[in-house]
Amino acid sequence: AQKVTQAQTEISVVEKEDVTLDCVYETRDTTYYLFWYKQPPSGELVFLIRRNSFDEQNEISGRYSWNFQKSTSSLNFTITASQVVDSAVYFCALSDPDSNYQLIWGAGTKLIIKP
Amino acid sequence: DAGITQSPRHKVTETGTPVTLRCHQTENHRYMYWYRQDPGHGLRLIHYSYGVKDTDKGEVSDGYSVSRSKTEDFLLTLESATSSQTSVYFCAITRTSSHADTQYFGPGTRLTVL
């Protein structure tokens, strides 16, 4: 069965530190998609990235980067030089044919950036 | 901004009363979704829709019904609200007619059932 595990329930760092959020997934399919979303304290869900299973290139967007490792079934998310505005809950999600491409969500990691 | 609004944004109701939440989108997307979010959980899918009058059940559909009589509106109804349905409800769309596409979310409705 499909599953997404975000083992870090809460992470607290001081501003300007780098921080990595882990996401490990399980799927039987060779075609699948992975997503990261951000939920700031205001409550909305903000899309960050979508990766497909055939594209293992790492991605960088400003201070954000994603490391996709199919060998370990992980798509980890790193924030470089963290800022207080990065404080949020971050969710990883999986969609694959077995779930009719419905999103399977991790429980989320709460990231606290202290000034 | 995916052009999604949800109403009401906050609602307090009593056990046993019917409640309808509305999701409205302005960009003519076919696929729409209703999720609930509870503390310590990611989102869980309640119902989804492929188009007008075309809906299907998600993971946690018991106690919920939906209707889609117009492309732009997807309604979620709790026929007889229970305290276990206290939650934050999110609506989402995909911009293409594919579940594999990215889902974009509305602002959420916080529902409290007393």
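Undergrad: Any details on unusual backbone geometry? Residues and values, ideally.
TA: Omega for the peptide link from Ser7 of chain B to Pro8 of chain B comes to -10 degrees, which places this bond in the cis form. Along the chain, Pro8 of chain B falls in the loop between strand 1 (4–7) and strand 2 (10–13). Backbone geometry places Ser73 of chain A, a non-glycine residue, at a positive phi of 50 degrees. Along the chain, Ser73 of chain A falls in the loop between strand 8 (64–69) and strand 9 (74–79). The residue Lys53 of chain B is not glycine, and still its phi comes out positive at about 60 degrees. Relative to the assigned elements, Lys53 of chain B resides in the loop between strand 5 (43–51) and strand 6 (54–57).

Undergrad: If you had to explain the environment of Thr71 of chain B to someone new, which residues and values would you point to?
TA: All names here are of chain B. Position of Thr71 among the secondary structure elements: in the loop between strand 7 (64–70) and strand 8 (73–78). Counting along the chain gives 58 residues from Thr71 to Thr13, while the straight-line C-alpha distance between them is 28 Å. For Thr71, the contacting residues outside a window of four places in its chain are Gln25, Asn28, His29, Met32 and Val52.

Undergrad: Tell me about the sheet that holds strand 7 of chain B, and please be specific about residues and values.
TA: Residues and elements named next belong to chain B. One open sheet holds the 4 strands; their spatial order is 1-3-8-7, and the pairing between them is antiparallel. Lying at the two open borders of the sheet, with one neighbouring strand each, are strand 1 and strand 7. Across the sheet, the axes of successive neighbouring strands diverge by a mean angle of 20 degrees, strand direction being ignored. In the sheet, strand 7 pairs with strand 8 via 5 bridges, with the strands oriented antiparallel. Counted as the bridge partner of Val66 is Leu76 from strand 8.

Undergrad: Give a detailed account of the pairing of strand 1 of chain B, specifying residues and quantitative values.
TA: Residues and elements named next belong to chain B. Because side chains alternate across strand 1, one face comprises the buried residues Ile4 and Gln6, and the other comprises Thr5 and Ser7, none of which is buried. One ladder, built from 4 bridges, connects strand 1 with strand 3 (residues 19–25); its direction is antiparallel. Its bridge partner being in strand 3, Gln6 is matched across the sheet by Cys23.

Undergrad: I'd like a description of the confidence of the model for chain B, backed by residues and values.
TA: When pLDDT is low, close inspection of the predicted coordinates is not appropriate. Averaged over chain B, the pLDDT score is 93; the fraction of residues at 70 or greater is 98%. For chain B, the element scoring lowest by mean pLDDT is strand 5 of chain B, at 93; strand 8 of chain B scores highest, at 98.

Undergrad: Would you mind going over the interface of chain B and chain A in detail, with residue names and values included?
TA: Counting from both sides, the interface comprises 18 residues of chain B and, opposite them, 17 residues of chain A. Taken together, the two surfaces of chain B and chain A that pack against each other cover about 1,400 Å², and 56% of this comes from carbon and sulfur. Scanning the region where chain B abuts chain A turns up 0 salt bridges. Here chain B and chain A share 3 residue pairs in polar contact (both at pLDDT 80 or more) between them. For the side of chain B that touches chain A, the element with the highest residue contribution is strand 5 of chain B, accounting for 4 residues. Looking at the side of chain B that touches chain A residue by residue, the classes come out as 10 nonpolar, 7 polar and 1 charged.

Undergrad: For the nonpolar core, give the residues involved together with the corresponding values.
TA: Core analysis: the biggest nonpolar cluster contains 24 residues, and Trp36, Trp66, Phe77 and Tyr90 of chain A have the highest contact counts within it. Those elements giving two or more residues to this core turn out to be strand 2 (10–14), strand 3 (19–21), strand 5 (33–39), strand 6 (46–52), strand 8, strand 9, strand 10 (88–95) and strand 12 (109–114) of chain A. At 4 residues, the largest contribution of residues to this core is made by strand 10 of chain A. Beyond its immediate chain neighbours, meaning those up to four positions away, Phe77 of chain A contacts Val19, Thr20, Leu21, Trp36, Leu48, Tyr64, Ser65, Trp66 and Tyr90 of chain A. One finds Phe35 and Ala93 of chain A together with Leu43 and Ala100 of chain B within the second-largest nonpolar core, a separate group that totals 20 residues.

Conventions we followed
Residues numbered from 1 in each chain as written. Chains lettered and ligands numbered in written order. Predicted model: local features only at pLDDT ≥ 70, side-chain atom pairs only at ≥ 80, totals over all residues. Heavy atoms only, no water. Helix = DSSP H or I, 4+ residues; strand = E, 2+ residues; numbered from the N terminus. Contact = heavy atoms within 4.5 Å. Pairing = 2+ DSSP bridges. Axes fitted to C-alpha atoms, helices over the stretch in contact; angles between N-to-C directions. Buried < 20%, exposed > 50% of the residue type's maximum accessible area, 1.4 Å probe, protein only. pLDDT = per-residue confidence, 0-100. Buried area = accessible area lost by both parts, 1.4 Å probe. Salt bridge = Lys/Arg side-chain N within 4 Å of Asp/Glu carboxyl O. Polar contact = N/O pair within 3.5 Å; in protein donor to acceptor, adjacent residues only side chain to side chain. Nonpolar A, V, L, I, M, F, W, Y, C, P; charged D, E, K, R; others polar. Core = buried A, V, L, I, M, F, W, Y, C linked by side-chain atoms within 4.5 Å.

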